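Topology and contacts: notes
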Amino acid sequence: MKNIAILIPCYNEEKTLAQVLLNAKKAFPEASVYVFDNNSTDASAAIAREHGAFLIPVKEQGKGNVVKHMFACIDCDCAIMVDADATYDLFDAQKMADLVLKGQADMVLGDRLSGAYFQENKRPFHNLGNSLVRFLINKLFKAHIDDAMTGLRAFSASFMKAFVPRSPGFQIETEMDIFALSHGFKIASVKAHYRDRPLDSPSKLNTYSDGAKVLGLIFLSFIRLRPLKAFFWLALPSLLFSIGLGVYPLIQAIEGKEVPLGLGYSSLAFLALSIALMLIGLILFLKKKPRFPEA
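So, a few notes on the structure that sits alongside this text. (Residues numbered from 1 in each chain as written. Predicted model: local features only at pLDDT ≥ 70, side-chain atom pairs only at ≥ 80, totals over all residues. Heavy atoms only, no water.)

**What to know about the overall build of the protein**
This is how the line gets drawn: Comment: elements are numbered from the N terminus, with helices defined as DSSP H or I runs of at least four residues and strands as E runs of at least two. We compute the radius of gyration over the C-alpha atoms and compare it with the globule rule, which gives 2.2 Å times the number of residues raised to the power 0.38. Each residue's exposure class comes from its accessible area (1.4 Å probe, protein chains only) as a fraction of the maximum for that residue type: buried when under 20%, exposed when over 50%, partly exposed otherwise. The criterion used for residue contact is that any of the two residues' heavy atoms lie within 4.5 Å. Accessible surface area values rest on a Shrake-Rupley calculation with a 1.4 Å probe, where residue burial reflects the displayed protein chains alone. Counted charges follow a simple rule, with Lys and Arg positive, Asp and Glu negative, and His plus the chain ends left uncounted. Lys charges are placed at NZ, Arg charges at CZ, Asp charges at CG and Glu charges at CD.
Helices and strands together make up the secondary structure of the protein, namely 11 helices and 7 strands. For a compact globule of 295 residues, the expected C-alpha radius of gyration is about 19 Å, and the protein comes in at 24 Å, more than 25% above that figure. For the protein, the C-alpha atoms occupy an extent of roughly 90 × 40 × 35 Å along the three principal directions. Among the 295 residues that make up the protein, the fraction classed as buried is 47%. Restricting to contacts in the protein with at least 6 residues of sequence separation, those with at least 24 account for 74%. For the protein, the accessible area works out to roughly 15100 Å², and carbon and sulfur atoms hold 63% of it. Separation of charge centres in the protein, based on 33 positive and 28 negative side chains, amounts to 6 Å.

This is how it looks when you write it as structure tokens:
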């Protein structure tokens, strides 16, 4: 019989953790439930013990560090990772687990954005951020991901063994998406019901600083994985500036009039910059090693 593990990253979630643990036992009565406590200062650890979950402390702060610890110490056929904020319905994860256990997917995303997320979530910048991240990943990596930052995911054993997180914080979901896409792992989505966090249980995600880190990870990954295309787009503005600045001096030279050297030199400088950027992209592309799915 194949075994399922429920993995719950937790940092000061005493208001909602008990509900998540009760739902886990109802949706997956035979599964092992693990709470990875990330230096909580409230009653989260005690609540986990009271509900019979395996409590595993993680000292390195940040969700990415928690996921790294999860994947390193848990051995199972399918892992369900769910946030401890009671915003997800774990019964949605039953279908997600089935897809993994039948070998149809290596990572299954609980898709909030196709449901009531935008009506339930009361933080407009979070709505914007989720939509922007999904758009960028799909556009830059030619993907069809429905919810790039969902906290409800199912993983195969092969994915968990292959993926070693580098991001310490909330960039971890984005890192998992890009890793799966770039290493040929099968990704699927299942529509997930979402309800907003209770008012007395604030989100730990900082809209601006964590959002900037996520966007930075996306663009750095794009440069690393698609260097030719990335540096072409970086070079294009310089090339356009070069053409724009060089038109007038060129016309003056053709007509035999005095050439404005400042504009001419500026045009050549932007042209040199655009050529340099395109050469960097070409060199990185040629040096890039082929990627294969990791077992």
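Additional details are given in the paragraphs that follow.
**Comments concerning the packing of helix α3 (residues 63-73) against helix α8 (residues 172-182)**
Let me state the cut-off plainly: Axis angles are defined between N-to-C directions and span 0 to 180 degrees, where every axis is a line fitted to C-alpha atoms and, for a helix, only to the segment in contact. For classification purposes, an angle smaller than 35 degrees is called roughly parallel, one larger than 145 roughly antiparallel, one from 65 to 115 roughly perpendicular, and anything else oblique. Gly is put with the polar residues, along with every residue not named as nonpolar or charged; the nonpolar set is Ala, Val, Leu, Ile, Met, Phe, Trp, Tyr, Cys and Pro, and the charged set is Asp, Glu, Lys and Arg.
Relative orientation of the contacting elements α3 and α8 amounts to 55°, with a least axis distance of 9 Å. Here α8 runs oblique to α3, going by the angle between their axes. Across from K63, G64, V67 and F71 in α3, the residues of α8 making contact are I172, E173 and M176. Residues of the contact of α3 with α8, tallied by class, amount to 4 nonpolar, 1 polar and 2 charged.

**Things to note about the side chain of N38**
Definition in use: Nitrogen and oxygen atoms within 3.5 Å of one another constitute a polar contact, given that in protein one can donate a hydrogen and the other can accept it, and given that sequence-neighbouring residues count only through two side-chain atoms.
Looking at where N38 falls in the secondary structure, it is placed in the loop between β2 (32-37) and α2 (44-50). For N38, a relative accessible area of 3% translates into the label buried. Within the structure, the side chain of N38 is placed 3.2 Å from the side chain of Q61, a separation counted as a polar contact. What N38 contacts, discounting residues up to four positions off in sequence, is C10, Y11, V58, K59, E60, Q61, G62 and V66.

**Points about helix α4 (residues 93-101)**
Heads up, the condition is: This arc describes the spread of directions from the helix axis toward the C-beta atoms.
The set of residues buried in α4 consists of A93, M96, A97, L99 and V100. Burial along α4 is one-sided: seen end-on, the buried residues are contained in an arc of 155°. The positive-phi residue at the C-terminal boundary of α4 is G103, with phi of around 75°.

**Points about the side chain of E13**
Structurally, E13 is set in the loop between β1 (4-10) and α1 (17-27). For E13, a relative accessible area of 7% corresponds to the buried category. Sequence-distant contacts of E13, that is, excluding residues within four places in its chain, are made with D42, S44, A84, D85, R197, S201 and K204.

So yeah, pure geometry; function would need other evidence.
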